[in-house]
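Spelled out, the chains give:
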Amino acid sequence: MSAPLRLGTRGSKLAMAQSGHVAEALTAATGRPVELVEVVTAGDRSSAPVHRLGVGVFVSALRDALTAGTIDFAVHSYKDLPTATAAGLHIAAVPVRQDPRDALVARDGRTLAELPPGATVGTGALRRIAQLHALGMQLEVAPIRGNVDTRLARVLGPEADLDAIVLARAGLARLGRTEVITETLDPMLMLPAPAQGALAVECRIDDPDMVELLAVLDHTPSRAAVVAERALLATLEAGCSAPVAAYAVVAEGEPTGSGAEGDVVQEIYLRGAVISPDGSRDLRLSRTGTLADAAEIGKALAAELLDLGADSILGQEGHAGPGTQQFGSTE
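Counting starts from 1 at the beginning of each chain's written sequence and moves along it residue by residue. Thresholds applied to this predicted model are a pLDDT of at least 70 for local features of residues and 80 or more for the giving and counting of side-chain atom pairs; totals over whole chains, interfaces and linings are not thresholded and use all residues. Heavy atoms from the whole structure form the basis of all side-chain values; hydrogens and water molecules are not counted.

Sheet faces and side chains relate simply in a regular strand, where the side chains alternate between the two faces. Bridging between strand β1 (residues 5-9) and strand β2 (residues 34-38) involves five bridges; their strand directions are parallel. By the bridge assignment for β2, G8 is matched with V37. For the handedness criterion, the strands are oriented away from the viewer, and a crossover whose path from the first strand over the helix to the second runs clockwise is classed as right-handed. Here a strand is any run of E in DSSP of at least two residues, a helix any run of H or I of at least four, and the numbering for each starts at the N terminus. Note that the unit made of β1, helix α1 (residues 13-30) and β2 has a crossover that is right-handed. Between any two strands, pairing holds if DSSP finds at least two bridges.

The following block contains the structure:
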């Protein structure tokens with residue numbers, strides 16, 4: 001029996017759940033046993049708002065453990081990763097992506113449209129805050145942090161002090177808590193964060209056996225969608241105080257060639273948005289292309305947004321520079 005592979009993970013309930021899913025899938029596909037190794041990150045030790053913590057607070061300790069060889073691979077919520085590549089490390093797999101949309105959990109089973117003016121909605125993401133303001137519904141938005149159970153208690157618990165919260169549907173799905181969702185938000189109302197719902201399985205680039213082993217978990221459409229979304233993000237060079245959203249959908253395109261023998265090419269439909277923190281300015285565009293051109297689609301869409309003045313929105317609250325994106329934990 002081979003020694004168990006050491007999978008590094010944050011210790012939160014959600015992180016352990018998603019890492020457990022990856023471990024089970026890898027064992028099922030390869031027969032290799034996997035053990036979870038908890039790694040405490042800077043983000044786990046702080047209660048400050050996510051956008052004030054700095055870059056990579058949920059991933060740097062895991063990457064340090066990988067580089068030091070104390071773990072063999074790590075699982076990240078992909079949207080936690082800075083867009084700058086990490087020297088010596090490699091994203092070996094992007095498993096099948098969970099539903100990337102945002103979810104509303106509200107008192108009395110209400111939908112977003114049923115919330116009255118003045119209702120207080122909790123969320124820790126500036127992207128969500130900006131889009132809630134952009135709806136013009138006169139909602140009060142309260143910044144919140146904490147794990148999923150802590151957030152749910154703010155709206156469903158005996159001492160609830162909020163009318164609703166918005167969080168990633170993917171996190172609730174991985175925890176088996178989708179029954180609390182009162183509405184899965186249409187991307188036309190609330191465009192997700194780049195790479196929301198996706199996982200990144202990372203290992204050392206100088207470990208070819210591990211690179212090959214983990215590749216069995218890779219899902220090409222999910223990887224292509226994430227590549228397009230993060231290429232847009234990187235090209236915009238958006239800082240943590242500039243709300244940027246992106247959502248790529250992969251679908252079957254028209255057959256090439258003639259008749260039933262033509263090859264069907266998968267296409268990406270990418271939507272991107274830059275929204276001012278108060279919701280008063282909202283630029284949204286879309287672009288399509290093939291999976292092979294995923295990165296170029298994201299770059300081109302970002303260039304179009306910049307041509308329309310996205311840079312002036314990005315500069316409203318400071319511009320952090322390339323490779324410094326931080327959108328907070330999936331939780």
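Okay, back to it.
A rise of 1.5 Å per residue sets the reference length of helix α9 (residues 294-307), with its 14 residues, at 20 Å; its end C-alpha atoms lie 20 Å apart and thus fit the reference within 8%. Each residue's exposure class comes from its accessible area (1.4 Å probe, protein chains only) as a fraction of the maximum for that residue type: buried when under 20%, exposed when over 50%, partly exposed otherwise. Those residues of α9 not exposed but buried are A294, I297, G298, L301, A302 and L305. Buried residues in α9, looked at end-on, bunch into an arc of 130 degrees, giving them a common side. Along its buried surface, α9 packs onto α8 (220-236), β12 (264-275), β13 (282-290) and α10 (310-314). Just past α9, the residue G309 takes up positive phi, approximately 105 degrees. To estimate the expected span of a helix, count its residues, drop one, and scale the result by 1.5 Å. What the arc describes is the spread of directions from the helix axis to the C-beta atoms. In this description, contact between two residues means that some pair of their heavy atoms is separated by no more than 4.5 Å.

This part covers the pattern of salt bridges. One speaks of a salt bridge when a side-chain nitrogen belonging to Lys or Arg is within 4 Å of a carboxyl oxygen belonging to Asp or Glu. Applying the stated rule across the entire model yields 16 salt bridges. Residue R223 pairs with D218 through a salt bridge whose shortest N-O separation is 3.0 Å. The partner of R284 in a salt bridge is D282, with the nearest N and O atoms 3.0 Å apart. According to the relative accessible area criterion, R284 is partly exposed, its value standing at 34%. Several salt bridges share partner residues, and in doing so they unite K13, D149, R177 and E179 into one network.

By convention a nonpolar core is built from buried Ala, Val, Leu, Ile, Met, Phe, Trp, Tyr and Cys residues, the set being connected through side-chain atoms within 4.5 Å. Formed by 22 residues in total, the largest nonpolar core has its most connected members in L232, L236, V244, I268, L270, V274 and L305. Put simply, the parts of the chain that give this core at least two residues each are α8, β11 (244-255), β12, α9 and α10. Top contributing element to this core by residue count: α8, with six residues. Setting aside its immediate chain neighbours within four residues, V274 contacts L236, P243, V244, R281, D282, L283, L305, A310, I313 and L314. Listed in part, the 16 residues of the second largest apolar core include F73, A92, A93 and L213.

Here the focus is the confidence of the model for the chain. It should be kept in mind that the predicted coordinates are not to be read in detail where pLDDT is low. Model confidence for the chain is summarised by a mean pLDDT of 87, while 85% of its residues fall at 70 or above. Across residues 43-55, where pLDDT falls below 50, the model places 28 contacts with residues more than four positions away in sequence or in other chains. Looking at any residue, its pLDDT shows the predictor's confidence there, from 0 to 100. Within the model, the stretch residues 317-331 combines pLDDT values under 50 with 60 contacts to residues more than four positions away or in other chains.

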